[in-house]
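# A closer look at the structure
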Amino acid sequence: MKNKTTALALFSGGLDSILACRVVAEQGITVQALKFVTPFFDYELLEKQDEYKKKIRDTYGIDVTLIDISLPYLELLRNPPHGFGKHFNPCIDCKIMMLTEAKKLMDEYGASFIITGEVLGQRPMSQRKDTLRVIERDSRTDSILLRPLCAKSQPPTQAELSGLIDREKLLNFSGRGRTNQIELARSFNITDYPAPAGGCVLTDPNLSRRIKGLFLETPEIDINDIRFLLVGRQFKLPNGGWLAMGRDQNENDEIIKLKQPDDISLKMPTRPGPTALLRHSAHLEDIDFAASLVVRYGKKVKQGDPEADVTVTAPDWEKTVHVAPLQDAVFSSWIR
Ligand code: SF4
């Protein structure tokens, strides 16, 4: 009889999560991977879900579903009960949230247990032995959370005790080395996988500092604000304006997509240069500074007038101003 046991997997897309899915699927269990997204990690996948699902199925033989947890995540970042890691990364509470959400979906998928790609001792904060216990306890998944890559160093879970899965075929990986994972990947014929780390901007020193600053100074933050804050060059102008400026065509396009009704856009009509968006300020001085910054980062002219036209489009007016590039000494302290 076909084995109908199903497991839900937290799926980051990194090698460990890929291997965890494959180790369990190898025992005839249906694995449904869940990829949680927020503006801090993998949000762009929401725009190309079908393409992403196909790529993961074709490359790794894994079925994945994307789940957007942006709104509760923004709340969580205000005050994560277990605090932050080295940067603005609430890794323990992040995992607790994902497991809690996965647990809510178990009935819908007819799942008997949940798996993760965690490896004991791999990360300094969130994968210590005591922390793994805290994550299980606070997500209320203690008997149903199986970590296939380090299961043999963990107490047996319900799935192992009831015979749904053979504990002997699970693994005992530990520590930060990758040799075991790479060998296991090879045994599954998996050679194309992402490099470790990366993906979550909350662990990036510069971007997480920007995000933390925003959380400290702004009581209301929405998803668009976070995406705005993560695109291109960023400036905090003297009268409270936030300015985002594209560094290439992709970022210019992204900035335009993020435009909100009250935002002011700036662009040079006759010279190549960045698209910029000014938010939270219609102060004339901020608009002038923004226009001069657009010229500063626009294409330089070898000879002749360094000044240029900039078209400024506000919600209820539009005008073209002729301005000089702003001197670096004036704005260096405005860079976020
Ligand atoms: S690195 Fe980012 S996505 Fe990963 S657990 Fe930490 S906060 Fe969550």
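You'll find the structure just up there.
Residues numbered from 1 in each chain as written. Predicted model: local features only at pLDDT ≥ 70, side-chain atom pairs only at ≥ 80, totals over all residues. Heavy atoms only, no water.

## Remarks on the packing of helix α1 (residues 15–25) against helix α8 (residues 179–187)
Between α1 and α8, the least distance of the axes is 10 Å, while the angle of their chain directions is 50°. What the angle tells us is that α1 and α8 run oblique. For α1 against α8, the interelement crossing comes out left-handed. The segment α1 lies against α8, with L15, D16, L19 and V23 engaging Q181, I182, L184 and A185. (Axes fitted to C-alpha atoms, helices over the stretch in contact; angles between N-to-C directions. Helix = DSSP H or I, 4+ residues; strand = E, 2+ residues; numbered from the N terminus. Parallel < 35°, antiparallel > 145°, perpendicular 65-115°, else oblique. Left-handed = near helix turned anticlockwise from the far one by under 90°. Contact = heavy atoms within 4.5 Å.)

## Brief notes about the layout of surface pockets
Of the pockets and cavities examined, the second largest pocket occupies roughly 360 Å³. Lining the second largest pocket are 13 residues, and of these P39, E44, R227, L230 and E254 sit closest to its centre. Residue classes in the lining of the second largest pocket are distributed as 8 nonpolar, 1 polar and 4 charged. (1 Å grid on protein atoms, 1.4 Å probe; cavity = no way out; pocket = protein on both sides within 12 Å on 5 of 7 lines; lining within 4 Å. Points joined across faces, edges and corners; volume = space filled by probe spheres on them. Nonpolar A, V, L, I, M, F, W, Y, C, P; charged D, E, K, R; others polar.)

## Details of the pairing of strand β9 (residues 276–279)
Along β9, one buried face is formed by A276 and L278 and the opposite face, lined by L277 and R279, is buried too. Relative to β9, strand β7 (residues 242–245) runs antiparallel, the two being bridged by 4 bridges. From the neighbouring strand, L243 faces β9, where its bridge partner is L278. Inspection of the sheet shows strand β8 (residues 264–267) paired to β9 by 3 bridges, in the antiparallel sense. (Buried < 20%, exposed > 50% of the residue type's maximum accessible area, 1.4 Å probe, protein only. Pairing = 2+ DSSP bridges.)

## What to know about the sheet that holds β9
Read from one edge to the other, the open sheet built from 6 strands follows the order β6-β7-β9-β8-β10-β11, with strand pairing classed as antiparallel. Only two strands of the sheet have a single partner each, and these edge strands are β6 (233–236) and β11 (318–323). Put simply, the sheet's adjacent strands are angled 20° from each other on average, direction ignored.

## Comments concerning the packing of aromatic side chains
This structure, assessed with the given rule, holds 9 aromatic pairs. In textbook terms, an aromatic cluster arises when at least three aromatic residues are bridged by ring pairs, as seen for F40, F41 and Y73. Looking at R279, its charged tip hangs above the ring of F228, at a distance of 4.2 Å from the centre. The aromatic ring of Y297 is capped on one face by R296, whose charged end is 4.4 Å from the ring centroid. (Phe/Tyr/Trp six-rings, centres within 6.5 Å; stacked < 30°, edge-to-face > 60°. Lys NZ or Arg CZ within 6 Å of the ring centre and 35° of its normal.)

## Some remarks on the side chain of S281
Along the chain, S281 turns up in the loop between β9 and α12 (284–296). A distance of 2.8 Å separates polar atoms of two side chains, one belonging to S281 and the other to D286. (Polar contact = N/O pair within 3.5 Å; in protein donor to acceptor, adjacent residues only side chain to side chain.)

## Some words on the pattern of salt bridges
Under the definition given, this model contains 20 salt bridges. Note that R279 is salt-bridged to D263, the shortest N-O span being 2.8 Å. Remark: D263 occurs in the loop between α11 (249–257) and β8 and R279 occurs in strand β9; sequence separation between them is 16 residues. On the basis of relative accessible area, D263 is assigned to the buried category, the value being 3%. Residues joined in a network through salt bridges with shared partners are K95, E118, R133, E136 and R147. (Salt bridge = Lys/Arg side-chain N within 4 Å of Asp/Glu carboxyl O.)

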